[in-house]
Amino acid sequence: MRKYKFFLDFEKEAKWLNEMASEGYELVGKSLGYRFRKSKPNHANIKIDYRIFKKQADFVDYCTLFEDSGWEHLAGTKSSGTQYFKKVSKDADEDIFSDIDSKAGRYKRLSQMYLSLAMCYLPIFVALVTTNAIDAGAFFNPKQLYFTLGLWEKAGADFWGAFLFETPFAFFRGFAWLSFPIMIALCLIFSYKAEQRYQKKI
């Protein structure tokens, strides 16, 4: 089973995953969405960290350290950032973090990741603006984005068939660039929210 959700709060995310486990759905992976498999309902203790690794060996050492401490790595990769752990040993501590600073640090790393993404999108958007790749006239005259010959002279079903067919392509030609300022704005907002959570946790 796959579910799609978005969290900026690790505690709320962990709570939701623990509730899913109590309903009999065990987390087995995450990419675009959460992947679960049906299992026996249990009172799981799932915790979440946020770390990105440059080397696979460092990632393996990181997972091994937690496994040796009684925590099973459920999901996450070297470059995914979000890492999911489940307590599997009765002797393990109740949390994967030993102090407040390390627990809060994951929000700082998340904030920096979103800020880095925003800085990656920004030069692309600037390049589109400075090279006149963005056609501002499309806002005032969207008809110029349609290339079908004689489209505006058609009528009835012929017009609507051609119009509806080309509209997605016209929109992409004229407004696909909007995705860049939208992504920049969202990344900056998420970075700010994660930074706020970091400040509250320390």
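Scroll up a little and you will see the structure.
Here goes a summary of the coordinates provided. Keep in mind the model is a prediction, meaning the values are calculated, not measured.

Looking now at the overall build of the protein chain. Looking only at helices and strands, the protein chain features six helices and six strands. For the protein chain, the α and β elements follow one another from N to C terminus as β-α-β-β-β-α-β-β-α-α-α-α. Taken along the three principal axes of its C-alpha coordinates, the protein chain extends 75 × 40 × 30 Å. When each of the 202 residues of the protein chain is scored for burial, the buried share is 35%. A sequence separation of at least 24 residues applies to 58% of the contacts in the protein chain between residues at least 6 apart. Carbon and sulfur atoms form 60% of the exposed surface of the protein chain, whose accessible area is close to 12700 Å².

For the structure on display, the rule yields 10 salt bridges. Salt-bridge contacts for Arg 109 lead to Asp 49; the nearest nitrogen and oxygen are separated by 3.2 Å. Of the two residues, Arg 109 is situated in helix α3 (residues 100-130) and Asp 49 in strand β4 (residues 46-51); the sequence distance between them amounts to 60 residues. In this structure, Lys 87 and Glu 94 form a salt bridge, with 2.3 Å as the shortest nitrogen-oxygen distance.

What counts, and where the lines are drawn
Residues numbered from 1 in each chain as written. Predicted model: local features only at pLDDT ≥ 70, side-chain atom pairs only at ≥ 80, totals over all residues. Heavy atoms only, no water. Helix = DSSP H or I, 4+ residues; strand = E, 2+ residues; numbered from the N terminus. Buried < 20%, exposed > 50% of the residue type's maximum accessible area, 1.4 Å probe, protein only. Contact = heavy atoms within 4.5 Å. Areas by Shrake-Rupley, 256 points an atom, 1.4 Å probe, with all protein chains shown as cover. Salt bridge = Lys/Arg side-chain N within 4 Å of Asp/Glu carboxyl O.

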